[in-house]
Amino acid sequence: TIAIDWQISDDAVCVEVDQTQFSQCIVNLAINARHAMATGGRLTLGVECVALDEPTTVSHGNVLSAGSYARISIADTGCGMSRETLQRIFEPFFTTKGTGKGTGLGLALVYGMIGNAGGVIDVQSELGKRTKFSLYLPASDKAPDALLAIASSAAVIAENHRVDRCAISIRP
């Protein structure tokens, strides 16, 4: 069994991303989390607005400029990753899964899609304990045209839970 926790800030956050691509990012990360928790665990999905006063370097040498961001996090209590694996996770065709069980394209696509939206990804992992992906997307001051429950697909994939509230506004 995989339990799902929601950590959703009450702050409204609006970002400009392609809805389909963004949903695919969340689905890819949720599928990977599910695979990392083969015997069960906890999937935590979070959304919050963060403001940075100065540039900040996160994993993989990614740099966040000063400004406001929506931070969307997907964390699991699965098997975690070694330092060596963590260094390669965004490489196209790199996979830790057996033959026929993964293409190695999921995280490379997530990296590209978030980058195309002006965002950055931070990944923290402890081998044997946990992994957390934090997607930072620049906040927008434009009024939202549509709402997207960011983890609806992830929740269905993890355990058929339903989403009770929308956490982020997305401009198509």
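Residues numbered from 1 in each chain as written. Predicted model: local features only at pLDDT ≥ 70, side-chain atom pairs only at ≥ 80, totals over all residues. Heavy atoms only, no water.

Quick look at the packing of aromatic side chains now. The final tally for this structure, using the stated rule, is two aromatic pairs. With centroids separated by 6.3 Å and ring planes inclined at 85°, the aromatic side chains of Tyr69 and Tyr136 adopt a geometry described as edge-to-face. Of the two residues, Tyr69 sits in strand 6 (residues 67–76) while Tyr136 sits in strand 8 (residues 130–138), which places them 67 residues apart along the sequence. (Phe/Tyr/Trp six-rings, centres within 6.5 Å; stacked < 30°, edge-to-face > 60°. Helix = DSSP H or I, 4+ residues; strand = E, 2+ residues; numbered from the N terminus.)

With that out of the way, let us pick up the layout of surface pockets. Its volume calculated, the largest pocket comes out at about 650 Å³. Every residue lining the largest pocket is counted, 28 residues in all, and those nearest its centre are Asn32, Thr95, Thr96, Lys97 and Leu107. Put simply, the parts of the chain that give the lining of the largest pocket at least two residues each are helix 1 (19–36), strand 6, helix 3 (106–116) and strand 8. In terms of residue count, helix 1 provides more of the lining of the largest pocket than any other element does, seven residues in total. The class makeup of the residues in the lining of the largest pocket is 14 nonpolar, 12 polar and two charged. (1 Å grid on protein atoms, 1.4 Å probe; cavity = no way out; pocket = protein on both sides within 12 Å on 5 of 7 lines; lining within 4 Å. Points joined across faces, edges and corners; volume = space filled by probe spheres on them. Nonpolar A, V, L, I, M, F, W, Y, C, P; charged D, E, K, R; others polar.)

So, to be careful, I would describe these as geometric facts and stop short of saying anything about function.
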